[in-house]
Amino acid sequence: MTTKDTAHDERLRRWRLVLGADSEESTGRKLTGRDAAMDQALAALYESGGRPGGRGGGSRSAGLGASAPSVARWLGDIRTYFPSSVVQVMQRDAIDRLGLSALLLEPEMLEAVEADVHLVGTLLSLNKAMPETTKETARAVVRKVVEQLEKRLTTRTRATLTGALDRSAKVTRPRHHDIDWDRTIRANLKNYLELPGRDGAGTIVPERLIGYGRAAQSVKKDVILCIDQSGSMAASVVYASVFGAVLASMRSLRTRLVVFDTAVVDLTDQLDDPVDVLFGTQLGGGTDINRALAYCQSRITRPADTVVVLISDLYEGGIRNEMLKRVAAMKASGVQFVTLLALSDEGAPAYDRDHAAALSALGAPAFACTPDLFPDVMAAAIEKRPLPIPDPENAPTSGIL
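Under an unreviewed UniProt entry, the name given to the chain is VWA domain-containing protein, and the organism recorded is Streptomyces drozdowiczii.

**A few points about the overall build of the chain**
Looking only at helices and strands, the chain has 15 helices and eight strands in total. Sequence-distant contacts in the chain: of pairs separated by 6 or more residues, those separated by 24 or more amount to 70%. Roughly 19,400 Å² of accessible area belongs to the chain as shown, and the carbon and sulfur atoms make up 51% of that amount.

**With respect to the packing of aromatic side chains**
The way to describe two aromatic rings as a pair is by their centre distance and the angle between their planes. Overall, the coordinates contain one aromatic pair when judged by the stated rule. Seen in terms of ring centroids, Phe 243 and Phe 374 are 4.5 Å apart; in terms of plane orientation they differ by 40°. Their pairing is tilted. Here Phe 243, found in helix α10 (residues 234-248), pairs with Phe 374, found in helix α15 (residues 374-383); they are 131 residues apart in sequence, far enough to count as distant.

**Regarding the side chain of Asp 116**
Note that Asp 116 resides in the loop between α6 (107-112) and α7 (117-125). You can call Asp 116 buried: its relative accessible area is 8%. For Asp 116, the side chain forms a polar contact with the main-chain nitrogen of Leu 119, separated by 2.9 Å. Once you skip the residues sitting within four places of it in the chain, Asp 116 turns out to touch Gln 88, Arg 92 and Val 145.

**Details of the confidence of the model for the chain**
Averaged over all residues, the pLDDT of the chain equals 81, while 81% of them reach at least 70. A low-confidence stretch, residues 53-66 stays under pLDDT 50, and its non-local contacts, those more than four residues away or across chains, total 52 contacts.

**Focus on the sheet that holds strand β4 (residues 253-260)**
Pairing within the open sheet is mixed, and its six strands lie in the order β5-β4-β3-β6-β7-β8. Looking at the sheet topology across the chains shown, the edges are occupied by β5 (264-266) and β8 (366-369). For this sheet the average axis-to-axis angle between neighbouring strands, irrespective of direction, equals 25°. Strand direction decides the pairing type here: strand β3 (residues 221-228) and β4, joined by eight bridges, are parallel. By the bridge assignment, Val 223 is partnered in β4 with Thr 255.

**So, α15**
Owing to its 3.6 residues per turn, the α-helix brings residues three or four apart onto one side. Counted residue by residue, α15 has nine buried out of ten residues, so it is predominantly covered. For α15, the full list of buried residues reads Phe 374, Pro 375, Val 377, Met 378, Ala 379, Ala 380, Ala 381, Ile 382 and Glu 383. Just beyond α15, the residue with positive phi is Lys 384, at close to 60°.

**Description of the nonpolar core**
Core analysis: the largest hydrophobic core is formed by 65 residues, its most contacted members being Leu 104, Val 309 and Phe 374. Take this core: its biggest share by element is ten residues, from helix α8 (residues 132-168). Excluding residues within four positions of it along the chain, Val 309 makes contact with Ile 224, Leu 225, Cys 226, Val 338, Leu 340, Phe 374 and Met 378. Ranked by size, the runner-up nonpolar core spans 25 residues in total, among them Phe 260, Leu 324, Val 327 and Tyr 351.

**Some points on the pattern of salt bridges**
All told, the structure shown has twelve salt bridges when counted by the stated rule. Here Arg 152 ties to Asp 345 by a salt bridge, and the two come within 3.6 Å at their closest N and O atoms. On the criterion of sequence distance, the pair formed by Arg 152 in helix α8 and Asp 345 in the loop between β7 (336-343) and α14 (353-361) is long-range, its members being 193 residues apart. Residue classification places Asp 345 among the partly exposed positions, given a relative accessible area of 35%. Across the salt bridge formed by Asp 222 and Arg 302, the nearest N and O atoms sit 3.3 Å from each other. Pair noted here: Asp 222 is in strand β3 and Arg 302 is in the loop between α12 (289-298) and β6 (306-311), with a separation of 80 residues, a long-range link.

**So, unusual backbone geometry**
A negative phi angle characterises most non-glycine residues, just as the trans form characterises most peptide bonds. The phi torsion at Leu 314 lies on the positive side, around 70°, for a residue other than glycine. Of the residues examined, Leu 314 reaches a relative accessible area of 0% and is grouped as buried. One non-glycine residue, Lys 384, lies in positive phi territory at about 60°. With respect to the secondary-structure elements, Lys 384 resides in the segment after α15. For Lys 384, a relative accessible area of 44% puts it in the partly exposed group.

**Here's the deal with the packing of helix α13 (residues 320-332) against α14**
Across the interface, α13 lies against α14 with an axial gap of 10 Å and an inter-helix angle of 30°. When the axes of α13 and α14 are compared, the pair comes out roughly parallel. Classified by chirality, the crossing of α14 by α13 is right-handed. On α14, the residues touching Arg 320, Met 323, Leu 324 and Val 327 of α13 are Asp 354, His 355, Ala 358 and Leu 359. Residue composition of the contact of α13 with α14, grouped by class: five nonpolar, one polar and two charged.

**Considerations on the pairing of β6**
Across the six residues of β6, six count as buried, placing the element largely inside the fold. Alternating positions in β6 separate into two faces, Thr 306, Val 308 and Leu 310 on one and Val 307, Val 309 and Ile 311 on the other, with burial throughout. The pairing of β3 with β6 spans six bridges and is classified as parallel. For Ile 224, the partnering residue across the bridge sits in β6 and is Val 308. In this structure, β6 lies alongside β7, joined through five bridges in parallel fashion.

Scoring rules and cut-offs
Residues numbered from 1 in each chain as written. Predicted model: local features only at pLDDT ≥ 70, side-chain atom pairs only at ≥ 80, totals over all residues. Heavy atoms only, no water. Helix = DSSP H or I, 4+ residues; strand = E, 2+ residues; numbered from the N terminus. Contact = heavy atoms within 4.5 Å. Areas by Shrake-Rupley, 256 points an atom, 1.4 Å probe, with all protein chains shown as cover. Phe/Tyr/Trp six-rings, centres within 6.5 Å; stacked < 30°, edge-to-face > 60°. Buried < 20%, exposed > 50% of the residue type's maximum accessible area, 1.4 Å probe, protein only. Polar contact = N/O pair within 3.5 Å; in protein donor to acceptor, adjacent residues only side chain to side chain. pLDDT = per-residue confidence, 0-100. Pairing = 2+ DSSP bridges. Axes fitted to C-alpha atoms, helices over the stretch in contact; angles between N-to-C directions. Core = buried A, V, L, I, M, F, W, Y, C linked by side-chain atoms within 4.5 Å. Salt bridge = Lys/Arg side-chain N within 4 Å of Asp/Glu carboxyl O. Parallel < 35°, antiparallel > 145°, perpendicular 65-115°, else oblique. Left-handed = near helix turned anticlockwise from the far one by under 90°. Nonpolar A, V, L, I, M, F, W, Y, C, P; charged D, E, K, R; others polar.

So, in structure tokens, the structure goes:
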């Protein structure tokens, strides 16, 4: 068989797996062995009337209902046949399309799933309904994901923000190796002198030197993370809690973490353990951004050295005009105000565009932020630079300003 024939055969195989049993005749592919097992796992989830553990027929659409033993077997199958990234997508589809949330309340089921941010969000939404026999297993699953995120995000976040904090403290008589040459040159452009006989060449006389501040033990900046805990913000709550713990571990930052729906809860005293923070949230319910911002505003003691990060899809159930007035007042007092429509890898699929536009008009542009970009956003806010707003054309979804 030629290379061209092999590639054509592989395309037919993939189309057969995608389209299901009804495409066997049109693709000319009869699946056997491992391919047949993969097809059965896909059919259990995506074919009409199908459920994990049993094969349906007809056009592909999700059915309802499954027993714990059959779902456990299906979870084992997909982990055998598909890579981790695909397993996580299929698990998410099974929870959303087949109504399997209730099965996650069983310890045996939790031990079988592939843990990721979305699964953590689902577990947190089920927290109040979770029986005591399941809570310890659920905490173990959540802790596993949190530890993975901390490992991924901590080093770069600390390095990026430490640099920003040092640069934000200007020194006017720095040592030679502490001179910030970029700022020094810009500050002394008026002192440019042309050199005679050099065809217009010249030099800048650095009358005023600007240097990097050295790290100090005192608190340099206050950070307030204000997190919308409505159901649509589940992934953002997970990431924000991890980042909150990382920021709280930095002595030069004083970090406060506030979550809200129609009520406001301050979880700052739990920031030493992001798992405790997450189980202190209550995903779902309404939204009152104005009330949450009022609480955050009341905790600001050093406006010029404070960064407030509102993480919300901006669907406000409170008083809109009051919310906007609070943002305007905070900015006028010197607060750096950041609005994130989401803090997740998926972007912002839905948000209140009118509120986003109103905040942008106040100088607080609203945009979705990936976890990898968050340290750069915080560094820019600390240094009072323009925020690195993602290009909408290159964003994961269209919901980014």
